[in-house]
Amino acid sequence: MRLEMKKFYTKKLKNFPLNKTVFSLIAGLGISTFWSQGNFTGNIESTFQYLNNDPIINALQPPTKGLVNSYMNVFYTHGGFKAGMRVESYLPRIQGYPNRFDGTGLGYRYVGYSNDKVDVTLGHFYEQFGNGLALRTYEDRALGYDNVLDGVRIIFKPFSGLQIKGVYGKQRLSFTEGRVVNSEGIVRALDGEFHVNETFKKRLATFPVDVILGASFVSKYQKDDDDALILPENVGAYGGRVKLQYKNFTLDGEYIQKEQDPSLDNAKIYNFGHAAVANFGYSKKGLGFSFSAKSVDNMSYRSDRNKELQDAFINFLPALNKTHTYNLVATLYPYATQPLGEVAYQADFIYTLKKGSKLGGKYGTTLGINASTTYRPIQHTSGINLSDSSRVTYETRLFDKSDSLYWRDINFSITRKLNKKLLLILSYFNITINNDVAKVSNDATGIISSHIGVVEASYKINAKHNVRMELQGMFVNKLPNGNINDKGNWATALIEYTVAPSYFISFINQYNYGNPDVDKRVNYPNITCGYIHESTRVMLSYGRQRAGLFCVGGVCRFVPANNGLTLSFTQSF
Amino acid sequence: MKRLLTLVLISCTFYVMGQHSAADSASNKKVPSVLLNDINGKSFNTSELGFTGPVVISFWATWCAPCKKELMAIHELYEDWQTETGVNLVAVSIDDEKTKRDVITYANGKGWDYTVLLDPNGDFKRSMGVNNVPHTFLLDKNGNIVYTHNNYAPGDEEILYQEIKKLSVE
């Protein structure tokens, strides 16, 4: 009977010319109903450059003349189901990107499911444990940085206040011919975080201190590829963290220890490594203060021991200093953590004088003071036999600092709104950087010390029109022998005109008037205009540009040095 | 293969049609669910922020001068905005570990009354499709995204307020 039915239907359907279409229609309707019920978000970014030759600033015209980077993210959620992907394209890559980025293809994709207790992701995922000292995967597109993990992640919340994460995967290293290339090693990791007050909500209802505890364990596997040494193939990094909050006070810290990890970075030594951060803060309305300390030794932790620079990092070691926004301060002497070792301190203070007070004026005034220093740690070698087979080359302790300075930054600023139309910001920065360790320039020797002053004024012409200007001066101290250090003094002027909510135009010029080489006393002029409609932005700029954090027309991003035309389009949906 | 292609095409057509009818009735785009902590350690689910009126979500960072100007400008008007429309502002900081510790210092030092959330690894930023900051979203009382703006120029806060007022009239 059943067989007959089947025969009948097969026959019937075969004779029915639209069978495929009907099938497709029904399936299509089903699928589309499913998709249209969920939530789509995402964005598009496309940047095109046409570059000129400009040997004075070391900008070269690429053979293709034009360069274009494009990205589109699409994320979908429906109930507990989620999926997402990113298509990226480098035809060829814009300047400043790693030279192995090329082609068009899928750079990121995942599927997953989550409910109140579990969250599972298969495919690519970004993750951070605690402060990131043991594990952090993230994308910083402006820098061309992406160390995303590809594998599986499970987040488990057995009860309120406790969260356990498990991850297993390989890291993205590169994007070649339209395909993601992973780094060699496998990364396995486990993290637990326990918010005590949330779990014991009733019992601790009146307890004044908020307590969060956490612990991480990360392990990487990479085959021993060395003929001479026996390398550890499994290398662990583990530690704990605590965060306490009492009224207006916060205190938090994390300590991570890394096992023996001979690598290209550390010249294949067999020392253990560590990273520790501690932070104390006090703040109330109108006043904020924080003090932070950091100790790092032999803490470059990569999923491929033979990589260097920014490649295949499993962990994240942030520099302990303020990220500045003014062009000269941000771009000329930036500092990044030395993963082989440093001891750093930072203090930050901000105070708002009350509106209507004698000093505060009608609209209030804000004062900000910030200072940070970084030193080389002491490496004790007494009692160490360098010729023995241990390959342990020194000993060091937490916060064991020497007098050798890597970095110092002392800065303050005053922000005051004088009346309804005029806003004034005055800032001063004193920046010292050790160019022998944290190399920022090929022209400098030893310690570069500089003073920078900035005046910014913003004038509101009417409800929609506004004009803003900046004047910046950088004065580099001379070397003990009387010679000018690095590129000498700089001056920058910026003027920006905005029409809310849709248009802006700005002109900036940086002038290296103090360069010891007269031929290199160059101007860096740049004109930018843009159009914004809701979440669509189109921006066109032409001129010379120094590398660094560049803010214009309301948005900040990192850009490399170039000379030419840049057209960028961004859209969110 | 051909059948698969037809299938994809047809489902796309249906999807686009579905979107159109949805767009006609009102924007049905919601905020995705991401778990974030505020500067006091309290946990928030971004899809259930727990406010009754309209909500402004503003992505910012301590290193972004225009973002800070936007939040400073709104700060001066915030009390009036709240009494007149019942709006709440959620300032989502995308500062990573390098500058995350400065967020509480800055937000309190400025005397802000906003809910300040921390998104140090960009999970919420990514899921909201944010390319760069400042990026501001306005949500109606049902959590639908009704207005967005990816910039700040002085005067933008007034245009945002007009949009908020439209919601409180409805």
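No experiment lies behind these values; they were computed from the predicted model shown.

**Quick notes on the overall build of chain B**
- A tally of helices and strands in chain B yields five helices and seven strands.
- What you see in chain B, going N to C, is helices and strands ordered as α-β-β-β-α-β-α-β-α-β-β-α.
- Expressed as a percentage of its 170 residues, the buried residues of chain B come to 52%.
- Of the contacts formed within chain B by residues at least 6 apart in sequence, a portion of 71% connects residues at least 24 apart.

**A word on the overall build of chain A**
- Tallying secondary structure elements over chain A gives four helices and 30 strands in all.
- Oriented by its inertia axes, the alpha-carbon framework of chain A measures out at about 105 × 70 × 60 Å.
- Taken over 573 residues, chain A has a buried fraction of 38%.

**Concerning the confidence of the model for chain A**
- Averaged over chain A, the pLDDT score is 90; the fraction of residues at 70 or greater is 91%.
- Every residue in residues 1–6 of chain A is under pLDDT 50, and counting partners more than four places away or in other chains gives zero contacts.

**Some remarks on the environment of Thr62(B)**
All names here are of chain B.
- Relative to the helices and strands, threonine 62 is located in the loop between β3 (55–60) and α2 (65–85).
- Spatially, the C-alpha atoms of threonine 62 and alanine 107 are 9.2 Å apart, while their sequence positions differ by 45 residues.
- With residues near it in sequence (within four places) discarded, threonine 62 still touches Asp95, Thr99, Asp102, Val103 and Tyr106.

**Focus: helix α3 (residues 101–109) of chain B**
- The buried fraction of α3(B) is high, at nine of nine residues.
- Among the residues of α3(B), Arg101(B), Asp102(B), Val103(B), Ile104(B), Thr105(B), Tyr106(B), Ala107(B), Asn108(B) and Gly109(B) are the ones counted as buried.
- Elements that come into contact with the buried residues of α3(B) comprise β16 (273–284), β17 (287–297) and β18 (341–353) of chain A together with β4 (88–93) and β5 (115–118) of chain B.
- Downstream of α3(B) by a residue or two, Gly111(B) has a phi angle that is positive, lying close to 75 degrees.

**A short note on the environment of Glu470(A)**
All names here are of chain A.
- Tracing the sequence through the fold places glutamate 470 in strand β23 (residues 465–476).
- Judged by local crowding, glutamate 470 falls into the buried class, with 21 C-beta atoms found within 10 Å.
- Placed 44 residues apart in sequence, glutamate 470 and leucine 426 show a C-alpha to C-alpha distance of 9.9 Å.
- Not counting the four nearest positions on each side in its chain, glutamate 470 is found in contact with Tyr326, Val454, Glu456, Thr492 and Leu494.

**Digging into unusual backbone geometry**
All names here are of chain A.
- Omega for the bond connecting leucine 91 with proline 92 falls within 30 degrees of zero, at -25 degrees, which places this linkage in the cis form.
- Within the element layout of this structure, proline 92 appears in the loop between β3 (81–90) and β4 (103–114).
- A positive phi angle, near 50 degrees, is found at leucine 309, a position not held by glycine.
- Tracing the backbone shows leucine 309 in the loop between β17 and α4 (327–332).
- For alanine 312, which is not a glycine, the phi torsion comes out positive at approximately 55 degrees.
- Tracing the sequence through the fold places alanine 312 in the loop between β17 and α4.

**As for the nonpolar core**
Residues and elements named next belong to chain B.
- Trp60, Val90, Ala91, Val92 and Val116 are the most contacted members of the largest nonpolar core, which totals 46 residues.
- Residue assignment for this core shows that the elements contributing at least two residues are β3, α2, β4, α3, β5, β6 (135–139) and α5 (156–169).
- Of the residues forming this core, the biggest block, six residues, is contributed by α2.
- Apart from residues no more than four positions distant in its own chain, valine 90 is found in contact with Leu49, Val55, Ile57, Tyr114, Thr115 and Leu117.

**Side note on the pairing of strand β10 (residues 149–156) of chain A**
Residues and elements named next belong to chain A.
- Two elements, strand β5 (residues 118–125) and β10, share eight bridges in a ladder whose sense is antiparallel. Bridging from a neighbouring strand, glycine 123 pairs with glycine 151 of β10.
- Sheet topology places β10 next to strand β11 (residues 162–176); eight bridges connect them, and they run antiparallel. Each residue of the ladder has a partner; that of glycine 151, found in β11, is glycine 169.
- Here β10 hands over to β11 after five residues, with glycine 161 in that stretch at a positive phi of 100 degrees.

Rules used throughout
Residues numbered from 1 in each chain as written. Chains lettered and ligands numbered in written order. Predicted model: local features only at pLDDT ≥ 70, side-chain atom pairs only at ≥ 80, totals over all residues. Helix = DSSP H or I, 4+ residues; strand = E, 2+ residues; numbered from the N terminus. Buried ≥ 20, exposed ≤ 12 C-beta atoms within 10 Å, placed from the backbone. Contact = placed C-beta atoms within 7 Å. pLDDT = per-residue confidence, 0-100. Core = buried A, V, L, I, M, F, W, Y, C linked by C-beta atoms within 7 Å. Pairing = 2+ DSSP bridges.

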